[in-house]
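Structure at a glance
Chain by chain, the residues:
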Amino acid sequence: MAPRFESVQSVRDGLKAVNYLADDGIAGVAFLADRLGKPILVEGPAGTGKTQLAKSIAEMTGARLIRLQCYEGLDESKALYEWNYKKQLLRIQADKNSDSWSDVHDDIFGDEFLLTRPLLEAITAEEPVVLLIDEVDRVEVETEALLLEILSEYQVSIPELGTITAKQIPLVFLTSNNTRELSEALKRRCLFLHVDYPQMDREKEIVLTKVEGITEMLADQVARIVRSIRQLDLKKSPSVSETLDWARTLVLLGINNIDAEQAKETLHILLKYQSDIAKAAKELSVD
Amino acid sequence: MLDLLSGFIIELRNAGLPVSLTENLDAMHAISHIPLEDREAFKYALGATLVKNNAHWRSFETVFEVYFSLRGPEYKIIDGEAGEGSLDDFMQQLQNMSQQGEGSGGAGGMDALTPEELMNILMNALLNGDQALMRALAKQAVQRFAGMEPGRPVGGTYYLYRTLRNLDLDGMMDKLMDATKQQVGGELTGLEERLERDEYNHRIEQFKQEVEAEIRRKLVADRGAEAMAKTLRKPLPEDVEFMHASRDEMQNLKKALQPLTRKLAAKLARKRRHGRKGPLDFRNTVRHSLAYGGVPAEPKFKYPRPAKPELIVVADISGSVAAFARFTLMLVYALSNQFSKVRAFVFIDGIDEVTDYFKKTEDISEAIHRINTEADVIWVDGHSDYGHAFEVFWDKFGKEVNPKSTVMFLGDARNNYHASQAWVIKEVKQKARKVFWLNPEPRSYWNTGDSIVSEYGTHTDGVFEVRNLRQLEAFVEHLV
Ligand SMILES: Nc1ncnc2c1ncn2[C@@H]1O[C@H](COP(=O)(O)OP(=O)(O)O)[C@@H](O)[C@H]1O
Ligand SMILES: [Mg+2]
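Please read all numbers here as calculations on a predicted model, not as lab measurements. Residue positions are counted from 1 within each chain, in the order its sequence is given. Each chain takes a letter, starting from A, and each ligand takes a number, starting from 1, following the order in which they are written. pLDDT decides what is reported in this predicted model: residues at 70 or higher carry local features, side-chain atom pairs at 80 or more are listed and counted, and totals for whole chains, interfaces and linings draw on all residues regardless. Side-chain figures throughout are based on the complete set of non-hydrogen atoms in the structure, without hydrogens or water.

What follows deals with the domain arrangement of chain A. All names here are of chain A. An automatic or database domain assignment provides the domain bounds reported here. What the domain assignment reports for chain A is domain 1 (8–77 + 117–194), domain 2 (81–116) and domain 3 (200–286). Placing a centre on the C-alpha atoms of domain 1 and another on those of domain 3 gives a separation of 31 Å. Contacts between domain 1 and domain 3 engage ten residues on the former and eight residues on the latter. Two parts placed together each lose some accessible area; with a 1.4 Å probe, that loss summed over both constitutes the buried area. With both chains or domains summed, domain 1 and domain 3 bury close to 670 Å², and 55% of this area falls on carbon and sulfur atoms. Looking only at domain 1, the three residues that lose the most surface to domain 3 are Asn19, Leu21 and Gly47, adding up to 64% of its buried area. The salt bridge criterion pairs a side-chain nitrogen of Lys or Arg with a carboxyl oxygen of Asp or Glu, the two atoms within 4 Å. Our count for the domain 1 to domain 3 interface comes out at one salt bridge. The shortest N-O distance in the salt bridge between Asp23 and Arg202 comes to 3.6 Å. What qualifies as a polar contact is a pair of N or O atoms within 3.5 Å, subject to a donor-acceptor requirement within protein and to the restriction that residues adjacent in sequence count only when both atoms come from side chains. Taken together, domain 1 and domain 3 are joined by two residue pairs in polar contact (both at pLDDT 80 or more). The criterion used for residue contact is that any of the two residues' heavy atoms lie within 4.5 Å.

Structural data, given as C-alpha cells:
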C-alpha cells in the first residue's frame, strides 16, 4: 500500500489545513505510524486534542473515521461483533415446528443476524479508514487483550464464520487519559505519543484558528494568561478546550484587551475548582 | 548510524528504561524513515518507539542530547575560529544590530566585544525573543566564561555555574522590566507586569538551556558520548529516594504524583466495584426479560459494595523523613475519596492532629504547608521521640481507634534512644482492623544505631520499605 504521507512536513501542513495545529512530536509520530503500519497510543491530560487528532487525520486523508468509545464493561459483543440475539430468538420461535435444527442453525448464524461493531467494521472496510479507540484506559484488562490481538494480526476469527482478515491496514489511534497503566504488551505494540498542554505559541495559533472573530491581540493575551496559570500548583490545570471556551466567552463579551477585573470575573470558565480560582486570582494580582 | 543507535539504546537501558527487543527493532526501522536533519521529528519518532512512559521522557531526552547533539547542521560546535552556518547568521545579525546603532563599534565579531557590549546584546536578544541570537550568545558565553579545558575531569554543572555567574541573569530581569515599561511609556498594570515577567522568565530559561546544551556538546566532543552519558545518569522519578531527593528531583516527584493518584483512584474504584459478581438480581432480570417476550435473555447481577476503610495516618515529620511524610500525606489525601474517613497526626517529640488543615481547603499543598509551619509537634527539644508521641496519641485519641480503622505509622523509627513505648502499637493493633508501618530507610539500615523499627513492627500487620514512589504506589494498592 502506498504511504499516506509524503513527509513529516506534509503531515503538519495537512493537519493545519483542517484546523489542527500539530507540533513536531505529533506530526513526526503520525508520519512514522503510517510508514511502520503501527497503531499510535496517544496519552495525555484531558482536553489536549487527542481525540481531535484522530478525527483530523481522518479528515485530512479523506478516510472514514470509525470510533470505538471505550467504557468500563465494554466487551467483545460491543467492540467486535454480536449475534442479534433477539432476532435469532424470534426466528427460532417462528420456525419451531417446520425446519430442522441444522437448517435453523445455519440460518441464524448468517450475515443477516450478525451485528458488526467498530473493530470488525474497521477490519472489513473496503475504503480507507482511521480507527479511533477512544479512552482505552477505561476498559478492563481482558478487553485490552482482545484489542491487542486484533491490533497485532489485523484479523478476527468468528467461530461460526471463520477468519476475517483486513483488506488494508487502517491507521489506528488509541487514546488514554492515563487513569490506569495499560499492559506492557499493548504498549510494546504501539508507538507512544504523549500530548501535553501546548506551548504558548501553538496554543495561540489554536485559539486563532478555532475561535471566530478573535483578534490576534486577544488570542495572544489569552495564551499568555493560560500559560501563567498552568505554572501554578493547581488541582486541575486548564485544558485546551477550556482555553477555547474562555476565549469564546471573551469574544462574546466584546472584550478586546483583558483587564484584571474581566479576567477575574471569567476565571470560572477556565478553572473548575474554587480553590484554583482563588489561587489564580491572587497570583495574577487581580484580587 | 546503527552503531550509534545501539550505543544509544544500551545507555537508555543503563539509565533504567525498559527497552524490549521489539522496541529496539522498531527504533531501527523508525530511523530509516525520518531524516536526522529534522531533528525534533527525529527525536519524537525515536522516542515513540522507545519510551512508553512519559515520566521517562526526561531521561530519554538527556541521553538523546548526548548521543545525537553533535549531528545536524545547526548544532555544529564552534572550536575557536572554525564556525559556519549559524555563526554566519549570527554575524549577519550582529551587523544588522550595529547598523541600528545598538551594538558594538564594528565587524570585529564576537570575540572583540567588551563584556558590557555582550550583555547589551544579550538583553536585546531576550527583549525581542530572538532565538538565533540567543543561541549564538550562549555559545559565546560558554567560550568566554566557562573556562573549559580538554581532559579536565569536571562536571557540566561546574561550567554552567561559571558561565551563568558572569552573566547576572537575575539582574537582567529588572533591566528587562524597566526596558518594557519604557517601551510602553508608563506603568504596567499588575496583570500586565505578571505576564511580561513570565514571558521573560521563559526566555531566560531557554537561554540557560542553550548554555547547558553548548557545554554538553563540548563535553561530548571532548570525552565521548558514552562517558558523558554515564556522568549524567540519574534515577527515574519513581526511583528517586524520598530521603535524598534534590530540589529539582522533588519538583519532578511532585509532578509524578498527580498522574499516579489519578491512576490509583481509578484502579481502586474499579477494584471495589468489580470485586466479584454478586447473586442474580431477580427483579432486574425479569424487568429486562419483558423486551424479549418474557424470555430471561439478559441475566442481571447484584454488585456487592464493600465498605470503604477508615484511615488513620501517624507520621514522623522530623528532618530527614519529612519529605517522605509529606508525600505520603499528599497521596493519601489525594485518594481520600477512597476512604470513608481520613485522620492525620504528625509528630516529632510532641504530636498534633492535622486533619482539620485538610478539611478547610481543597488545596493539599496548602495544608501541607500549614503542617510545616503551624503544627504543634515540639514537646521538649524537637528531636524525634516516638515513645512520647505515641503515649500522647494513645491517651488522647486511642479511644477513637476502632475495628474499621486502618492505621499507618510513618517513620524511620530512629528514637534517639528514648523509651519505645511499643505497647501503644500493640494496643492499637488490638483495636484496629489493620496496622502498618512504612519506613523510608533502606532495609539494610533497619535496627541499626537508634532505629528500633522491629520493636514496633512486631505488633503490626507488616513493615514496608517505602523509599520511593514506586514502593509507595505498591503499598497503597496493597492497602485497599
Ligand atoms: N492542536 C490542536 N489544534 C486544534 N484544536 C485543538 C488542538 N488541541 C485541542 N484542540 C481542541 O480542543 C478541544 C479538546 O480536544 P479533544 O480532542 O476532545 O481532547 P482530548 O481527547 O485530549 O480530551 C477540541 O475542541 C479540539 O478541537
Ligand atoms: Mg478525548
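Residues and elements named next belong to chain A. Whether a residue is near a molecule or strand is decided by its heavy atoms; if any one of them lies within 4 Å of it, the residue is near. Around ligand 1, the surrounding shell holds 16 residues, and the nearest of these are Gly47, Lys50, Thr51, Gln52 and Lys210. Measuring from an oxygen atom of ligand 1, one finds a backbone N or O atom of Gly47 at 2.6 Å. Contact distances for ligand 1 include 3.4 Å between a nitrogen atom and a side-chain N or O atom of Arg202. The fraction of the free accessible surface of ligand 1 (560 Å²) that becomes covered by protein chains is 84%. Residue assignment for the shell around ligand 1 shows that the elements contributing at least two residues are α3 (50–61), α10 (200–210) and α12 (240–252). Gly is put with the polar residues, along with every residue not named as nonpolar or charged; the nonpolar set is Ala, Val, Leu, Ile, Met, Phe, Trp, Tyr, Cys and Pro, and the charged set is Asp, Glu, Lys and Arg. Looking at the shell around ligand 1 residue by residue, the classes come out as six nonpolar, seven polar and three charged. Only the protein chains shown count as cover for residues, and the accessible areas themselves come from Shrake-Rupley with a 1.4 Å probe. Runs of E in the DSSP output that reach at least two residues are strands. Runs of H or I that reach at least four are helices, and both are numbered from the N terminus.

Moving on, we get to the pairing of strand β1 (residues 310–316) of chain B. For a regular strand, side-chain orientation follows a simple rule: the groups alternate between the two sheet faces. Residue and element names in this part refer to chain B. Burial classes: relative accessible area under 20% of the type maximum marks a residue as buried, over 50% as exposed, and values in between as partly exposed (1.4 Å probe, protein chains only). Taken across its seven residues, β1 has seven buried, putting it largely inside the fold. Of the two faces of β1, the one holding Glu310, Ile312, Val314 and Asp316 and the one holding Leu311, Val313 and Ala315 are both buried throughout. Whether two strands pair depends on DSSP finding at least two bridges between them. Relative to strand β2 (residues 341–347), β1 runs parallel, the two sharing seven bridges. Bridging across to β2, Leu311 finds its partner in Val342. Pairing of β1 with strand β4 (residues 405–410), which is carried by six bridges, proceeds in the parallel orientation. Note that in β4 the partner of Val314 across the bridge is Phe409.

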